[in-house]
Amino acid sequence: MVVHPKGARARVLLTSVFGPFAQDDEFGSRAINPIELYHNQVTREQGPFSIRMSHRSWGIMLIQHNIGAPSTVLDFPTRERFVREITRHHYDIIGISGIVVNVGKVRELCRLARLHSPDSTIVVGGHVTAIPGIERMLDADHVVKGDGIAWFRAFLGEPADAPIRHPVVSSSFGQRLMGLKGPRGGGNPAATIIPSVGCPMGCNFCTTSAFFGGKGRFINFYERGADLFRVMCEVEAALKVKTFFMMDENFLLYRRRAIELLDCMKRAGKPWSMFVFSSANAIRKYDIRELVELGVVWVWLGLESPQSGYAKLKQADTQALTRELQSHGIRVHGSTIIGLEHHTPENIGAEIEHAVRHAADCHQFMLYTPMPGTPLYDEVAREGRLRPDVELADIHGQAGFNFIHRALPVERAKALLDGAFRLDYERNGPSLYRLMATMFNGWRRYHADPDPRVRARVAIEGRQLRNGYGAALWAMEHYLRRSNHAVSERIGALRQSIEHELGGWSRVVDASVGPVLHWAARRDARRFPAGRPLEPPTFVDRRNWA
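Predicted, not measured: the structure shown is a model, and the values here were computed from it.

## What about the pairing of strand β15 (residues 331-338)?
Within β15, eight of the eight residues are buried, leaving the element largely enclosed by the surrounding structure. Bridging between strand β14 (residues 296-302) and β15 involves five bridges; their strand directions are parallel. Bridge pairing in β15 places Leu301 opposite Gly334. Pairing geometry for β15 and strand β16 (residues 362-367), over six bridges, is parallel. Its bridge partner lying in β16, Ile338 is registered against Leu367. What joins β15 to β16 is helix α13 (residues 348-356), and the crossover it makes is right-handed.

## Some points on the environment of Met247
One can find Met247 in the loop between β12 (243-246) and α9 (255-268). On a C-alpha basis, the gap between Met247 and Ile193 in space is 5.9 Å, while along the polypeptide they are 54 residues apart. Setting aside residues up to four positions removed in sequence, Met247 forms contacts with Trp58, Thr192, Ile193, Ile194, Pro195, Ser196 and Phe277.

## Side note on the sheet that holds strand β4 (residues 93-97)
Read across the sheet, six strands follow the order β6-β5-β4-β1-β3-β17 without closing on themselves; strand pairing throughout is mixed. Edge positions in the open sheet fall to β6 (142-144) and β17 (539-543), since each of these has one partner strand only. The mean angle between the axes of side-by-side strands here comes to 20 degrees, regardless of whether they run parallel or antiparallel. As paired elements, strand β1 (residues 12-15) and β4 share four bridges and run parallel to each other.

## What about the pattern of salt bridges?
Pairs may arise between side chains of opposite charge once their charged atoms sit close together. Inspection of the entire model under this criterion finds 42 salt bridges. The salt bridge involving Asp418 is made with Arg44; its shortest N-O contact spans 3.1 Å. On the criterion of sequence distance, the pair formed by Asp418 in helix α15 (residues 413-428) and Arg44 in the loop between α1 (37-41) and β2 (52-54) is long-range, its members being 374 residues apart. When its relative accessible area of 10% is taken as the criterion, Asp418 is described as buried. Judged by relative accessible area, which is 17%, Arg44 ranks as buried.

Scoring rules and cut-offs
Residues numbered from 1 in each chain as written. Predicted model: local features only at pLDDT ≥ 70, side-chain atom pairs only at ≥ 80, totals over all residues. Heavy atoms only, no water. Buried < 20%, exposed > 50% of the residue type's maximum accessible area, 1.4 Å probe, protein only. Helix = DSSP H or I, 4+ residues; strand = E, 2+ residues; numbered from the N terminus. Pairing = 2+ DSSP bridges. Right-handed = clockwise from strand over helix to strand, strands pointing away. Contact = heavy atoms within 4.5 Å. Axes fitted to C-alpha atoms, helices over the stretch in contact; angles between N-to-C directions. Salt bridge = Lys/Arg side-chain N within 4 Å of Asp/Glu carboxyl O.

Such coordinate-based values are descriptive only and should not be taken to indicate function.
What follows is the structure, given as structure tokens:
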């Protein structure tokens, strides 16, 4: 690679695409595709009980932290804010990151950069680079596919294989609950840790796996549990957190690293909690006690149909696994794909019913979607089944098929997806309730555990249940009393059990705060039946800046 003439003295701007997001516009934003993971893909049919929060653009933050050049991260700017940044400050390099649906916004940022900062080198990265022929769609000098850290280091003349320095990153921001602002992290804020990128399982539809090398390949930033432990200690001290969201596509797959991390936690007496991604076969590498001691309190688990044939589900009874994890206080975030190749009008109802019967704490439903860059996309393209009438901005798995399904009519896709969300909500109740039920299971089982680390972790959740979570249960119970009496009864039984076993001020808090939340939930549902439109603020982070 040719090194930039200024090397590590070059000024670098790293930017995400611009807002607003939750609206239909000429740049590819869609009202149906807001920039909120949960409200978009998990809880969007749960009315005022939808989980509302946003997340930073971790990729560009990670790149910034691993280059020595003076740099700025501009996250969620407006077009005007982007122009102001590149006209008030001279940048030698402007890096733009985006995903496939935001290709129109990436194109517009390239145009604005060329117009207002013509001497800058324009670099485009992120999943948008998987689009076939992307180089001809954008006015960019470089299109970077895959590892952006190594590329930027090489371009700046720095060692590309230097150890990874992890930024201090809060997991989420902008929490709202039932129409009101919520406490940071729901009262137990988390930090994001990125141990690796990619996934060696290589499911044919997975954009992340394909982007970082495909099946059998991934990029591991931290090989040893001791290295991961050191990073987590640094982040704990900086953010005053004890909970970590491990942004790793299959964290539990690397057992040696996880067990070494557990040994470090034991020696230091760390009562940490972890949210992790895992496949069913990876979880089975551990006994439940190891997961509890490791602090795994949340598992994002693929629950594709047993007939799908994916290796990660081989010989896995995911319903039994879900119930086992929940009985030990481990929340399960299920993920199910609708429109797999074996789905037909005759079996799709049973497949959705199978998914809903898991009663996962949260459940993501997505349409089977051939995304550019994936093996599935290449296969469907070779077969001539890609739909030319679907714009790139609409390939996000929440609106419709972008290909011709062999059995399911294109016009049924969204109805099937929406029906799955509604059935899960009507049958199992709000995710907020399910999460609290599983937390209570964990408290009951482990609040007197002989391991002081486990006791300390569970005590935090006990305080949450005692000091406010019950008020949310009160509000849900009364909100659903007429529309879904069976679920309302279950919520009420949980609230009463918590009040009875945890005691203290819980009854007083529930009875006084619960009606306020109930009123706020009803008001929010009346004013915003599809959920209040929310936009993230603009973040500006400067590093090595003079």
